[in-house]
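# A closer look at the structure
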Amino acid sequence: MHHGLNTQRVETRKLFCEALEQTDSLLEAAAVAHVSERTARRWLSTWIGAATEKLPRPPTSFVGRQSDIAATVEFLGLAGQLITIVGAPGVGKTRVALELVRRKAIRLAAIGGTSAFCDLTHANNETDICRSVGQALGLPGTMFDTHGEPMDAVALGMRQLGPFRLILDNAEHVVAQVGSLVARWRSDVAGAEFVVTSRRPLRIEGEAIYVLEALPIFPDSLQLFCERATTAGCPLTCEGASPIVSDIVVLLEGNPLAIELACARIGTLSLIHISEPT
């Protein structure tokens with residue numbers, strides 16, 4: 001009897017979250033799920049904190065990329081367990097992955113799931129990867145001393161977590177090792193989902209590959225430049241931006257990192273100097 005009640009409660013929460021994503025209205029979502037406004041607000045308050053506690057907080061606003069987010073959400077739904085976001089350096093793979101997982105985090109938290117972020121920049125081998133993943137998921141460090149191979153120790157910890165979605169960021173230099181580990185974890189752990197960012201795909205079974213292109217020059221790159229320039233102390237708007245600003249974003253070819261770095265120089269260089277090719 002209790003199991004049936006718990007299953008019904010989980011399905012109600014899923015229904016509420018689905019409706020909330022579609023309508024962006026708490027009252028409408030509560031009506032669809034047949035729960036009170038008070039219950040819906042209590043759920044949402046609890047889930048928001050749990051949903052993002054293991055994800056880094058973005059230091060700046062997210063600009064553009066709405067079609068990419070929509071596409072990756074669809075990819076994740078179709079692939080079920082694994083999507084690799086592939087692209088050139090500085091194109092914004094990490095930020096898109098974070099935004100994707102952040103937008104899906106509340107629904108996962110509603111059923112007791114976890115969203116987490118693991119930076120693999122300093123990982124050089126499978127052991128490094130396993131320890132980084134264990135730390136990102138909040139698994140106890142002592143597990144590596146008592147459960148044999150690091151890969152098996154992490155799998156055991158993952159099974160105890162319940163459903164989770166993990167970003168494995170900057171995987172290109174250990175792509176073979178990440179591919180091997182993810183294939184094993186997907187096989188061994190129910191409810192495990194992975195969002196990988198890399199310059200190269202993993203090339204393993206079940207992987208959905210999303211190629212992230214440069215930002216469109218207009219309006220996204222222009223908007224990004226204007227927002228970051230304003231933050232740097234040079235107020236700009238897309239409507240009032242001079243032709244020099246357009247020249248800069250064209251020169252930078254819609255690469256978000258290059259745009260961010262250019263805006264960071266505004267305090268010491270004029271727009272004219274920034275627009276000159278080096």
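Residues numbered from 1 in each chain as written. Predicted model: local features only at pLDDT ≥ 70, side-chain atom pairs only at ≥ 80, totals over all residues. Heavy atoms only, no water.

## Describing the packing of helix 8 (residues 150-161) against helix 9 (residues 175-188)
Running from amino to carboxyl end, helix 8 crosses helix 9 at an angle of 40 degrees, the nearest separation of the two axes being 10 Å. The angle between the axes of helix 8 and helix 9 places the two elements in the oblique class. In this structure, the crossing between helix 8 and helix 9 has a hand that is right-handed. Residues Met-151, Asp-152, Val-154, Ala-155, Met-158 and Arg-159 of helix 8 touch helix 9, and the partners they reach there are Leu-181, Arg-184, Trp-185 and Asp-188. Split into classes, the residues belonging to the contact of helix 8 with helix 9 amount to six nonpolar, no polar and four charged. (Axes fitted to C-alpha atoms, helices over the stretch in contact; angles between N-to-C directions. Helix = DSSP H or I, 4+ residues; strand = E, 2+ residues; numbered from the N terminus. Parallel < 35°, antiparallel > 145°, perpendicular 65-115°, else oblique. Left-handed = near helix turned anticlockwise from the far one by under 90°. Contact = heavy atoms within 4.5 Å. Nonpolar A, V, L, I, M, F, W, Y, C, P; charged D, E, K, R; others polar.)

## Quick look at the nonpolar core
Membership of the largest hydrophobic core comes to 34 residues, with the highest contact counts inside it found for Val-133, Met-158, Leu-166, Leu-168, Val-178, Trp-185 and Phe-194. For this core, the secondary-structure elements that each account for two or more residues are strand 2 (114-119), helix 6 (126-137), helix 7 (143-146), helix 8, strand 3 (164-169), helix 9 and strand 4 (192-198). Setting aside residues no more than four positions away along its own chain, Val-178 makes contact with Leu-120, Ile-129, Leu-168, Ala-171 and Leu-202. Counting residues in hydrophobic clusters, the runner-up holds 17 residues, among them Ile-69, Ile-85, Ala-97 and Leu-98. (Core = buried A, V, L, I, M, F, W, Y, C linked by side-chain atoms within 4.5 Å. Buried < 20%, exposed > 50% of the residue type's maximum accessible area, 1.4 Å probe, protein only.)

## Observations regarding the sheet that holds strand 3
Reading across from one edge, 2-3-4-1-5 is the order of the five strands in this open sheet, with parallel pairing throughout. Looking at strand neighbours, the two that pair on one side only are strand 2 and strand 5 (208-211), the edges of this open sheet. On average, each strand axis in the sheet is tilted by 15 degrees relative to the strand beside it, whichever way the strands run. Both strand 3 and strand 4 contribute to a ladder of five bridges, which runs parallel. Counterpart to Leu-166 in the pairing with strand 4 is Phe-194. (Pairing = 2+ DSSP bridges.)

## A look at the packing of aromatic side chains
In this description, a pair of aromatic rings is defined by centroid distance and the angle of the planes. Inspection of every chain in the model, using the stated rule, returns two aromatic pairs. With a centroid separation of 5.9 Å and 85 degrees between ring planes, the pair formed by Phe-164 and Phe-194 is classed as edge-to-face. With Phe-164 in strand 3 and Phe-194 in strand 4, the pair connects residues that are 30 residues apart, well separated along the chain. Each member of the pair, Phe-164 as well as Phe-194, carries the same accessibility label: buried. (Phe/Tyr/Trp six-rings, centres within 6.5 Å; stacked < 30°, edge-to-face > 60°.)

## What about the packing of helix 10 (residues 217-231) against helix 12 (residues 256-264)?
Between helix 10 and helix 12, whose axes approach to 9 Å, the crossing angle comes to 30 degrees. On the basis of their axis angle, the class for helix 10 and helix 12 is roughly parallel. Relative to helix 12, the crossing made by helix 10 is right-handed. Where helix 10 abuts helix 12, its residues Ser-221, Leu-224, Phe-225, Arg-228 and Ala-229 lie against Pro-256, Ile-259, Glu-260, Ala-262 and Cys-263.

## Notes on the pattern of salt bridges
For the structure on display, the rule yields eight salt bridges. Residue Asp-152 pairs with Arg-184 through a salt bridge whose shortest N-O separation is 2.7 Å. Of this pair, Asp-152 sits in helix 8 while Arg-184 is found in helix 9, placing the two residues 32 residues apart along the sequence. Among the residues examined, Asp-152 registers a relative accessible area of 29% and is labelled partly exposed. (Salt bridge = Lys/Arg side-chain N within 4 Å of Asp/Glu carboxyl O.)

## Section: the pairing of strand 3
In terms of burial, strand 3 is a largely internal element, six of the six residues being buried. Relative to strand 3, strand 2 is paired through six bridges, and the arrangement is parallel. Each bridged residue has a counterpart across the sheet, and for Thr-114 the counterpart in strand 3 is Phe-164. Traced from strand 3 through helix 9 to strand 4, the parallel crossover comes out right-handed. (Right-handed = clockwise from strand over helix to strand, strands pointing away.)

Just geometry here; none of it tells us what the structure is for.
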